[in-house]
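One letter stands for each residue in the lines below.
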Amino acid sequence: MSNIRQNLESVRNRIRAVATRAGRDPAAIRLVAVSKTKPADLIREAFEAGQTAFGENYAQEMKEKADALAGLPIEWHFIGHLQRNKAKVVAPIASWIESIDSNELAEAIDRHTAQRISCLIEVNVGDESSKSGARAEDVVAIGRRIVALDHLDLKGLMIIPPYDPDPEKSRPFFRALRELRDQLIPTLGAEHLRELSMGMSHDFEAAIEEGATIVRIGTAIFGERG
Ligand SMILES: *Cc1c(COP(=O)(O)O)cnc(C)c1O
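Here we summarise the structure given alongside this text.

A word on the pattern of salt bridges
1) Next: Summed over the entire model, instances satisfying the criterion amount to 17 salt bridges.
2) Next: With a shortest N-O distance of 2.6 Å, Lys-65 and Glu-61 are connected by a salt bridge. Of this pair, Lys-65 and Glu-61 are both found in helix 3 (residues 59–68), 4 residues apart, which corresponds to roughly one turn of the helix.
3) Next: By relative accessible area, which is 18% here, Glu-61 ends up buried.
4) Next: With a shortest N-O distance of 2.9 Å, Glu-210 and Arg-171 are connected by a salt bridge. With Glu-210 in the loop between helix 8 (204–209) and strand 9 (214–217) and Arg-171 in helix 7 (residues 167–188), the pair connects residues that are 39 residues apart, well separated along the chain. Take Glu-210 and Arg-171: they sit in the same class, and that class is buried.

Considering the nonpolar core
1) Next: One finds Ile-109 and Leu-157 to be the most contacted residues of the largest nonpolar core, which totals 67 residues.
2) Next: Contact partners of Leu-157, with chain neighbours within four places excluded, come to Leu-120, Ile-121, Val-123, Val-139, Leu-177, Leu-180, Arg-181, Leu-184, Leu-193, Glu-195, Leu-196 and Ser-197.
3) Next: If you look at the next biggest cluster of nonpolar residues, it comprises 6 residues, including Val-32, Trp-96, Met-158 and Ile-214.

Quick word on the environment of Pro-39
1) Next: Residue position: Pro-39 is located in the loop between strand 1 (30–34) and helix 2 (40–48).
2) Next: Owing to a relative accessible area of 45%, Pro-39 belongs among the partly exposed residues under this scheme.
3) Next: Expressed as a C-alpha distance, the spacing of Pro-39 and Lys-65, which sit 26 residues apart in the sequence, is 7.7 Å.

Description of the side chain of Arg-171
1) Next: Given a relative accessible area of 14%, Arg-171 falls into the buried group.
2) Next: Of the polar contacts made by the side chain of Arg-171, one reaches the side chain of Glu-209; its length is 2.8 Å.
3) Next: Leave out the neighbours within four places in its chain, and Arg-171 touches Ala-206, Glu-209 and Glu-210.

Description of the pairing of strand 1
1) Next: The buried count for strand 1 comes to 4 of 5 residues, which makes it a mostly enclosed element.
2) Next: Direction of pairing for strand 1 relative to strand 9: parallel, over a ladder of 4 bridges. Paired with Leu-31 across the two strands is Val-215, which belongs to strand 9.
3) Next: Taken together, strand 1, helix 2 and strand 2 (residues 53–56) constitute a β-α-β crossover, and its handedness is right-handed.

Looking at the site of the ligand
1) Next: In the region of the ligand, the neighbouring residues are Val-34, Lys-36, Asn-57, Ile-79, Ile-160, Met-200, Ser-201, Arg-216, Ile-217, Gly-218, Thr-219 and Arg-225.
2) Next: One of the side-chain nitrogen or oxygen atoms of Ser-201 is found 2.5 Å away from an oxygen atom of the ligand.
3) Next: Take Arg-225: an N or O atom from its side chain is 2.8 Å from an oxygen atom of the ligand.
4) Next: Within the shell around the ligand, the residues separate by chemical class into 5 nonpolar, 4 polar and 3 charged.

What about the side chain of Asp-110?
1) Next: Tracing the chain through its elements places Asp-110 in helix 5 (residues 103–111).
2) Next: Among buried charged residues, Asp-110 stands out as having no salt bridge; its nearest opposite-charge side chain is Arg-145, 6.9 Å away.
3) Next: Dropping the residues within four chain positions of it, Asp-110 is found in contact with Leu-149, Asp-150, His-151 and Leu-152.

Focus on the packing of aromatic side chains
1) Next: Taken as a whole and judged by the stated rule, the model has 1 aromatic pair.
2) Next: Ring centres of Phe-54 and Trp-76 lie 6.3 Å apart, and the angle between their planes is 50°; this geometry places the pair in the tilted category. Of the two residues, Phe-54 sits in strand 2 while Trp-76 sits in strand 3 (residues 75–78), which places them 22 residues apart along the sequence.
3) Next: Relative accessible area serves as the criterion here: at 0%, Phe-54 is assigned to the buried category.
4) Next: With relative accessibility at 5%, the residue Trp-76 sits in the buried group.

Thresholds applied
Residues numbered from 1 in each chain as written. Predicted model: local features only at pLDDT ≥ 70, side-chain atom pairs only at ≥ 80, totals over all residues. Heavy atoms only, no water. Salt bridge = Lys/Arg side-chain N within 4 Å of Asp/Glu carboxyl O. Helix = DSSP H or I, 4+ residues; strand = E, 2+ residues; numbered from the N terminus. Buried < 20%, exposed > 50% of the residue type's maximum accessible area, 1.4 Å probe, protein only. Core = buried A, V, L, I, M, F, W, Y, C linked by side-chain atoms within 4.5 Å. Contact = heavy atoms within 4.5 Å. Polar contact = N/O pair within 3.5 Å; in protein donor to acceptor, adjacent residues only side chain to side chain. Pairing = 2+ DSSP bridges. Right-handed = clockwise from strand over helix to strand, strands pointing away. Near = heavy atom within 4 Å. Nonpolar A, V, L, I, M, F, W, Y, C, P; charged D, E, K, R; others polar. Lys, Arg positive; Asp, Glu negative; His and termini not counted. Phe/Tyr/Trp six-rings, centres within 6.5 Å; stacked < 30°, edge-to-face > 60°.

None of the figures reported here should be taken as evidence of function without further support.
Structure, rendered in structure tokens:
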């Protein structure tokens, strides 16, 4: 037997504890279990332990798992870098796409879905090492494009800071994303900026202290990836 049920409970307890300490409502924080590289059986096990939102990074892998688990009401979040020509694979499956970083990608997603998709703009705030994520100065234009499209609901922003085992190294990136969100409220509207997706297994507590409403957690739930 795997430890998924226990791991989930432990992560949920940690989310509750840090939210309460920070004076935030734990129910306002959504846990996305990141299942990339893990088999569908383990997703089913987590689902049976009460977890409904799952995050995947690769289009084809998400599709295979969604097909294998078609009977379960899973809320799929696409969180990886999405190539425009893969939008047609992801758009019919995903309830959320967290990694929109261009107008063209938003348009491709909109063309390939008949359902509504909740969208986040992935922002690259001051990470020279990363090639994905929109530049902060482009977020308004992408946000306006998303809002104008028929099937996409703009919900907020997402960030992946450069990896550092010390969560305090992630904190300035989380804070910068929250500050960017606050600056954008007059132009994009608070209703389109409620969500901040930030924080992974090693740094989600700092992210919650800085205002995360979505945390994306893989290793702490499913164990190390091979
Ligand atoms: C893999 C991944 C995660 C989860 O990382 P863990 O360290 O396993 O919790 C979160 N977000 C993104 C974008 C990822 O690619």
